[in-house]
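Architecture at a glance
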Amino acid sequence: MILYVLKQNNNPQSRAYGKWFAYPEIRETITLDMLADHMSSHHSPYSEGAIKGMLTDMVDCIKELLLEGKNVKIADLAIFSLGIKNSAGAESADDFTVAKNIKGVKLRARATGELIAKSLNLEATLKRAYATTKPANSGEDTPDGDDSQGGNSGEGGNDRP
């Protein structure tokens, strides 16, 4: 189940100013150790240590391949690639320098196979996560209300402000 919280767009320059949007509520980040432990608990013949070793090697190899300019596809998960964060464009190719025109490099991950957005929208269950305090007069539902929604309800898509 995917928990979400509502946040209001407070940017007066935005076309979506004042509107409310759903954002995923992440309550925990799973580390490589925790993932290895989780995987070993699924009736695996491999120990947590063996799985962690394989995952650690996989991460190192993915980094190496990305830095060689290659994309790495893990079926039913994502295609990992690098992107370039450009700053201001150069007036001409001769005026272009890495120091002046590139801010940095970013990691990109595009969902593939069973993890594509269409599948997620059909399978995901969304439920409102409530903070310990809510803004007054926010118009939000009460925690007692059932506002869970199936993924294809048409709500909560990529409508970010």
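Here goes a summary of the coordinates provided. (Residues numbered from 1 in each chain as written. Predicted model: local features only at pLDDT ≥ 70, side-chain atom pairs only at ≥ 80, totals over all residues. Heavy atoms only, no water.)

1. Structural notes on the sheet that holds strand β4 (residues 78-86)
As a reminder, the rule being used: Two strands qualify as a pair provided that DSSP identifies no fewer than 2 bridges between them. By the criteria applied, helices consist of DSSP H or I runs no shorter than four residues and strands consist of E runs no shorter than two, each listed in order from the N terminus. Interaxial angle, 0 to 180 degrees, is taken between N-to-C directions of lines fitted to C-alpha atoms, where a helix line uses only the stretch in contact.
With antiparallel pairing, the three strands of this open sheet are ordered in space as β3-β4-β5. Two strands bound the open sheet, and with one partner strand each, they are β3 (72-74) and β5 (102-111). Ignoring strand direction, the axes of neighbouring strands in this sheet form an average angle of 30°. Sheet analysis places β4 next to β5, joined by nine bridges and oriented antiparallel. Each residue of the ladder has a partner; that of N86, found in β5, is I102.

2. Structural notes on the packing of aromatic side chains
Applicable threshold: Any Phe, Tyr or Trp ring, taking Trp's six-membered ring, that has another such ring centre within 6.5 Å forms a pair; planes under 30 degrees apart are called stacked, those over 60 apart edge-to-face, and the others tilted. Geometrically, a lysine NZ or arginine CZ counts as sitting over a ring once it is within 6 Å of the ring centre and also within 35 degrees of the ring normal.
Taken as a whole and judged by the stated rule, the model has zero aromatic pairs. A cation sits over an aromatic face here: K7 above Y23, 5.4 Å from the ring centre.

3. Considerations on the pattern of salt bridges
The following threshold applies: Whenever Lys or Arg places a side-chain nitrogen within 4 Å of a carboxyl oxygen from Asp or Glu, that contact is recorded as a salt bridge.
Within the structure shown, the criterion is met by three salt bridges. Residue K52 is joined to D33 by a salt bridge in which the shortest nitrogen-to-oxygen separation is 2.7 Å. Taken together, the residues K52 in helix α2 (residues 48-67) and D33 in helix α1 (residues 32-40) connect sequence positions 19 residues apart. Notably, a salt bridge pairs E68 with K70, separated by 3.3 Å at the nearest N-O pair.

Honestly, that's just the spatial picture; any functional story needs more than this.
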